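An overview of the molecular structure
Below, each chain spelled out in residue letters.
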Amino acid sequence: MKSIRLTHILPLIILLSGFYFLGNTPRPQEDHRHWPSREQILDNLFSGRRLLFVYGTGRPELVAHYRAWAAAYQKRTRRLQITIKSDREVTRTELASQAVYLAGTVASNSWLAHFSPQLPAKFHRDGFQFLGKDYREPGDLIVLFYPNPANPQQPLLLLAGNRDEEVLRSELFRPGGDYRIFRNGECLVFGHFSQAADQRWTFDAAGHHDFAAETRLAKETEHFRFYTHGAVLPAAELELFAAEREQHHQRLTAFLGKSEAGPRIDYHLYPSFEQKGLITASTEIAHCDRERQAVHVTVSQWVRGETEGCEADLVIARALGVPRHALLATGLRVSFTDNWRNHGYEYWASRLYLSGNVPKLAEMLDNANFARESCLIMAPRPSPISWSSFGAARDFLQTMLTGHRPRMTFHALIGNGRLTSSVWRTDIGRRSRRMSPTFPAPIRFRRASVTRTKGIKSSTAISPAVPMTRWPSWRTWV
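Values in this document were obtained by computation on a predicted structure and should not be read as measured data.

Now for the overall build of the protein chain. Within the protein chain one finds 19 helices and 20 strands. Within the protein chain, buried positions represent 47% of all 478 residues. The long-range share in the protein chain, meaning contacts at least 24 apart out of those at least 6 apart in sequence, stands at 64%. Of the roughly 24700 Å² of accessible surface on the protein chain, 53% is carried by carbon and sulfur atoms.

See the structure below:
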């Protein structure tokens, strides 16, 4: 009798055990067929308009920095309602209910280690691994956009690295790509995951770019290391390019009267704005990175970024310190270029003068205003007089740039008459009249009537016909 009962009960026990096991086993996250597309989870993000920002508490000395960093992001983001919580406060239920932003390192944010097995990036104490390659350098970072492991219908935005200090220096929520890997601020890897229905969120070779593999140290000189990112210049042209940069450096240091001490400047050359933008997050024709002592320029058949002379910003800062007034360092830099924006700074400054667009000195002394304006409008303006009138006095130059002497600031120079708006305009006017014969003849214009709407002042309409006594606005020909 006992044996009959056992044969009946045993299958039932096995069946119930199977249901229990299946009910408590989550569906594998690797089953990408059931995941939404990139567009769908983006729609979920912006339709829900909620984002949970989770920072790490593993390093107590940096908790306040992480909170301030997240609060600054929260303040400038208008499209999303951002909730900020630490990794200790947040629950898995909260993580599954909305879009999530994880920031930190595996040592500081416990959720990175928790989710690591379900992510394409694997985090460990010595660094992280992505697509089978290890990234162990202190300056290595990964930015990832991926389905949330707690709820694949919601996105996970991830910014993680090997050092919390490097993470805190980064820009939050960088657009572009599903993944990006940075080293010391430069993009090494960029790409998109596949969105094919049967292969969603898997590696896609067509959408993958390994910029590190395309970067090579092409040449070293006394003061520079030249790096190329893809095909940029033939060997003979690179030799000439390097020689010109050394000559430019020598002219500048001779003028400053100081032999520069410091490491070589890393000079990066890019074949296009797109390549430069993807790697550096800047599509300017050229820019410098004072912190890393590097210059980044676009060089192609049509664009010559070296004419900006950006390495001068680094040389000036080494010799005289970081400038108090941005326009003075910019004026010095531009005045030492040979062919700024294909015509030279005097050409552009003169055109601005003749069109009635010379600014007041007070506007140019405002660093924030100076940075907001177009470099084509602001950069050539201080060049014509700043260094022709006062360049020989190096002690005076250092005072203007750094403001180390309280009684000899640039504002004081304006006040005591050594440099006034009238001097500024007179000097530029003199140079402009000298340059004007080289300009093409101005277009003949006439002014049309000006209409005004309540609260709005419309611009003056201009049409060809009767000649004007002044040059037209710069917007008509620059």
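Moving on from the model shown.
Turning our eyes to something else, we now look at the side chain of Asp266. Among the structural elements, Asp266 can be located in strand 14 (residues 265-270). Looking at Asp266, the relative accessible area reads 16%, which means it is buried. A polar atom in the side chain of Asp266 sits 2.8 Å from the side chain of Arg225. Setting aside chain neighbours within four positions, we find Asp266 in contact with Arg225, Tyr227, Gln293, Ala294 and Val295.

With that out of the way, let us pick up the sheet that holds strand 6 (residues 133-135). Strand order in this open sheet of 3 strands is 4-5-6, and the pairing throughout is antiparallel. Edge positions in the open sheet fall to strand 4 (121-124) and strand 6, since each of these has one partner strand only. Direction aside, the axes of adjacent strands within the sheet are offset by 25 degrees on average. The pairing of strand 4 with strand 5 (residues 127-130) spans 4 bridges and is antiparallel. Bridge pairing links Lys122 to Gln129 in strand 5.

This part covers the sheet that holds strand 13 (residues 224-229). Spatial ordering of the open sheet is given by 12-13-14-16-15, a layout of 5 strands whose pairing is mixed. Only two strands of the sheet have a single neighbouring strand rather than two, namely strand 12 (215-220) and strand 15 (286-289). Within the sheet, the average angular offset between the axes of one strand and its neighbour, ignoring direction, is 20 degrees. As paired strands, strand 14 and strand 16 (residues 294-298) are joined by 5 bridges and run parallel to one another. Considered in strand 16, the bridge of Tyr267 is made with Val295. Against the sheet, helix 8 (residues 235-256) makes contact with strand 12, strand 13 and strand 14, and its axis sits at roughly 140 degrees relative to strand 13, the strand it touches most.

Further remarks concern unusual backbone geometry. Positive phi, normally seen in glycine, also occurs at Arg49, with a value near 60 degrees. By the element assignment, Arg49 lies in the loop between helix 2 (38-48) and strand 1 (50-55). The exposure class of Arg49 is partly exposed, given its relative accessible area of 42%. The backbone phi angle of Ala281 is positive, close to 65 degrees, even though this residue is not glycine. Mapped onto the elements of the fold, Ala281 is located in the loop between helix 9 (273-280) and strand 15. Overall, the relative accessible area of 46% leaves Ala281 in the partly exposed class.

Reading the values: rules and limits
- Residues numbered from 1 in each chain as written.
- Predicted model: local features only at pLDDT ≥ 70, side-chain atom pairs only at ≥ 80, totals over all residues.
- Heavy atoms only, no water.
- Helix = DSSP H or I, 4+ residues; strand = E, 2+ residues; numbered from the N terminus.
- Buried < 20%, exposed > 50% of the residue type's maximum accessible area, 1.4 Å probe, protein only.
- Contact = heavy atoms within 4.5 Å.
- Areas by Shrake-Rupley, 256 points an atom, 1.4 Å probe, with all protein chains shown as cover.
- Polar contact = N/O pair within 3.5 Å; in protein donor to acceptor, adjacent residues only side chain to side chain.
- Pairing = 2+ DSSP bridges.
- Axes fitted to C-alpha atoms, helices over the stretch in contact; angles between N-to-C directions.

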